[in-house]
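Fold and contact review
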Amino acid sequence: MSKDDKSKRQEWNISTRITQLGRNPFDHFGFINTPIYRGSTVLFPNVEKLESLDQPYTYGTKGTPTTRALEQAWSEISGAYDTVLVPSGLAAVDLALLTATRAGAHILVTDSVYQPTRSFCDTILKKFGVIVEYYDPLMGKSISDLIRADTTAILVESPGSQSMEIQDVPAISNAAHAHDICIILDNTWATPLFFPPHQRGADLAIEAGTKYLSGHSDILIGLISANEKWSKRLRSTFNSFAIGASPDDASLALRGLRTMALRLRAQEKAGVQLAQWFKQQGEVAQVLHPALSDHPGHDLWRRDFLGSSGVFSVIFNPIEKKSLDAFIDSLQLFGIGFSWGGFESLVLPFDCKSYRTATQWQCTGPAVRFSIGLEDIDDLIEDLRNGFKRLSV
Ligand SMILES: *Cc1c(COP(=O)(O)O)cnc(C)c1O
């Protein structure tokens, strides 16, 4: 579809739009999908074109028709001005941080941040003289109290990785924008389908496309979308590093995009059902899922989000490690491993205490994160029910 069709597309629901975006069949002999263009060198027809760079593609690191298709689709879904693609979600976080800070600057990072992001801040950013301060994820507009004259960026992630706090992103954004500070939002859990990042105040929004965009655990890809104000700086940082995603992975991400709404809705439904099931189990102390009415961030979630994805955490009553391990090991339908968002359900024990610095993790029992896949819910419950028998041995 051409640019002129954009306003027409905006009348459609998002699940319709994701079937249309990022492809233009009659540029490709009528084939429905954008083909995979691999390449480094792009030829110019003459010296004049070379010197003016006046053609859509100039070199492989700057993008191909395949990567641009995904960039454009993602910008439209996110309500962004531009998007760049990088080879992982973590690379997306790193590039966004490098875009919005400089030596000697101060940045604020939520204490509930994805742990490898924290590690990048504490090593690379520190090494280059950035002052990193962690803040309580439950702070809203009072974040103003932490803003200094040299603050350049605030990183938000909602819900928090593993601990699932919902942040007041609009309030934090308003406070930041009063001082011309960049809001970087890691929006991986909700995706733009459930949380329109730029409408809620993000200047740069990150998606680990490895998770729900891929949906099949077979690629690593990261996306950073920017509003108009930050787009030039983002693109310039991206061009300097020249770490683009491969066209093959962009093509698989475009394939994932077609079914993303369907998968997210199915995983949301199963996730909420399972979260409610966990709540009824005697061995469970707390279920951390923002769509449950007793979650501390539930009201903010209802105000700002359009849905919940299939990732949530469960806090068990204090039990011996070996019986929790036996429970996890016994599960047949939940793979043990990092990442999430695929068709297979996953389980991962975690311990926030081991890395938090600005706040205290209050839960006393062991914590486990679940990512719900696309299996039948009755089979998942049966598997968990069998696993729970191991908890009491
Ligand atoms: C997984 C994840 C990332 C990193 O994505 P990778 O592609 O695995 O590097 C970043 N942020 C959040 C919130 C994540 O869950």
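Residues numbered from 1 in each chain as written. Predicted model: local features only at pLDDT ≥ 70, side-chain atom pairs only at ≥ 80, totals over all residues. Heavy atoms only, no water.

Let's talk about the overall build of the protein
Broken down by element type, the protein carries 13 helices and 12 strands. In terms of overall dimensions, the protein is globule-like: its C-alpha atoms have a radius of gyration of 22 Å, near the 21 Å expected for 393 residues. With the C-alpha coordinates aligned to their principal axes, the bounding extent of the protein is approximately 75 × 50 × 35 Å. Taken over 393 residues, the protein has a buried fraction of 56%. (Helix = DSSP H or I, 4+ residues; strand = E, 2+ residues; numbered from the N terminus. Rg over C-alpha atoms; globule rule 2.2 N^0.38 Å. Buried < 20%, exposed > 50% of the residue type's maximum accessible area, 1.4 Å probe, protein only.)

Section: the packing of helix H12 (residues 321-330) against helix H13 (residues 377-391)
Running from N to C, H12 and H13 cross one another at 155 degrees; their axes reach a closest spacing of 8 Å. Relative to H13, the element H12 lies roughly antiparallel. Note on packing geometry: the crossing formed by H12 with H13 is right-handed. Together, Ser-323, Leu-324, Ala-326, Phe-327 and Ser-330 of H12 and Asp-383, Leu-384, Gly-387, Phe-388, Arg-390 and Leu-391 of H13 make up the contact between the two elements. Looking at the contact of H12 with H13, its residues break down into 6 nonpolar, 3 polar and 2 charged. (Axes fitted to C-alpha atoms, helices over the stretch in contact; angles between N-to-C directions. Parallel < 35°, antiparallel > 145°, perpendicular 65-115°, else oblique. Left-handed = near helix turned anticlockwise from the far one by under 90°. Contact = heavy atoms within 4.5 Å. Nonpolar A, V, L, I, M, F, W, Y, C, P; charged D, E, K, R; others polar.)

Quick look at the sheet that holds strand E11 (residues 345-350)
The strand order across the open sheet built from 5 strands is E8-E9-E12-E11-E10, with neighbouring strands paired in mixed fashion. Each edge of the open sheet carries a strand with a single partner, namely strand E8 (284-288) and strand E10 (334-336). With direction set aside, neighbouring strand axes in the sheet form an average angle of 30 degrees. The strands that H12 touches are strand E9 (311-316), E10, E11 and strand E12 (367-371); relative to E12, the one it contacts most, it runs at about 10 degrees. (Pairing = 2+ DSSP bridges.)

Considering the site of the ligand
Lining the immediate surroundings of the ligand are 13 residues, of which Gly-89, Leu-90, Asp-186, Thr-210 and Lys-211 lie closest. At a separation of 2.7 Å, an oxygen atom of the ligand approaches a polar backbone atom of Gly-89. A distance of 2.6 Å is found between a nitrogen atom of the ligand and a side-chain nitrogen or oxygen belonging to Asp-186. Burial of the ligand by the protein amounts to 90% of the accessible area it has alone, namely 380 Å². In this structure, the ligand is accommodated by the second largest pocket. Counted by class, the shell around the ligand contains 5 nonpolar, 5 polar and 3 charged residues. (Near = heavy atom within 4 Å. Polar contact = N/O pair within 3.5 Å; in protein donor to acceptor, adjacent residues only side chain to side chain. Areas by Shrake-Rupley, 256 points an atom, 1.4 Å probe, with all protein chains shown as cover. 1 Å grid on protein atoms, 1.4 Å probe; cavity = no way out; pocket = protein on both sides within 12 Å on 5 of 7 lines; lining within 4 Å. Sits in = over half its atoms within 2 Å of the grid points.)

Here's the deal with the nonpolar core
A general tendency of soluble globular proteins is for nonpolar side chains to be buried together. Of all hydrophobic cores here, the largest spans 57 residues; its most connected members are Leu-70, Ile-154 and Met-260. Contributions of two or more residues to this core are made by helix H4 (65-78), strand E4 (151-157), helix H7 (169-177), strand E5 (182-186), helix H8 (191-194), helix H10 (247-279) and E9. Ranked by residues supplied to this core, first place goes to H10 with 7 residues. Here this core spans two domains, since at least three of its residues come from each of domain 1 (6-256) and domain 2 (259-391). Leave out the neighbours within four places in its chain, and Ile-154 touches Leu-108, Tyr-135, Ile-143, Ile-147, Ile-172, Ala-176, Ile-181, Cys-182, Ile-183 and Ile-184. (Core = buried A, V, L, I, M, F, W, Y, C linked by side-chain atoms within 4.5 Å. Domains from an automatic or database assignment.)

Quick look at the pattern of salt bridges
Here the idea is simple: oppositely charged side chains can pair when their charged atoms come close. Using the criterion set out here, one finds 18 salt bridges in the structure. Of the charged contacts, one joins Asp-180 and Lys-229 as a salt bridge, the two residues approaching to 2.3 Å between their closest N and O atoms. With Asp-180 in the loop between H7 and E5 and Lys-229 in helix H9 (residues 228-241), this pair connects stretches of sequence that are 49 residues apart. By relative accessible area, which is 52% here, Asp-180 ends up exposed. Exposure remark for Lys-229: the relative accessible area of 46% places this residue in the partly exposed category. The salt bridge partner of Glu-320 is Lys-322, with a shortest N-O separation of 3.3 Å. In terms of burial, Glu-320 and Lys-322 fall into one category: exposed. Beyond isolated ion pairs, a larger network of salt bridges with shared partners links Arg-9, Arg-17 and Glu-76. (Salt bridge = Lys/Arg side-chain N within 4 Å of Asp/Glu carboxyl O.)

Points about helix H6 (residues 115-127)
Between its first and last C-alpha, H6 extends 18 Å over 13 residues, near the 18 Å set by a 1.5 Å rise per residue. Within H6, the full set of buried residues consists of Thr-117, Arg-118, Phe-120, Cys-121 and Leu-125. The inward-facing, buried residues of H6 contact helix H5 (89-99), strand E2 (106-110), strand E3 (131-135) and E4. Taken from the residues just after H6, Gly-129 is the one with a positive phi, measuring 85 degrees. (Expected span 1.5 Å × (residues − 1).)

What is shown is where atoms sit, not what they do.
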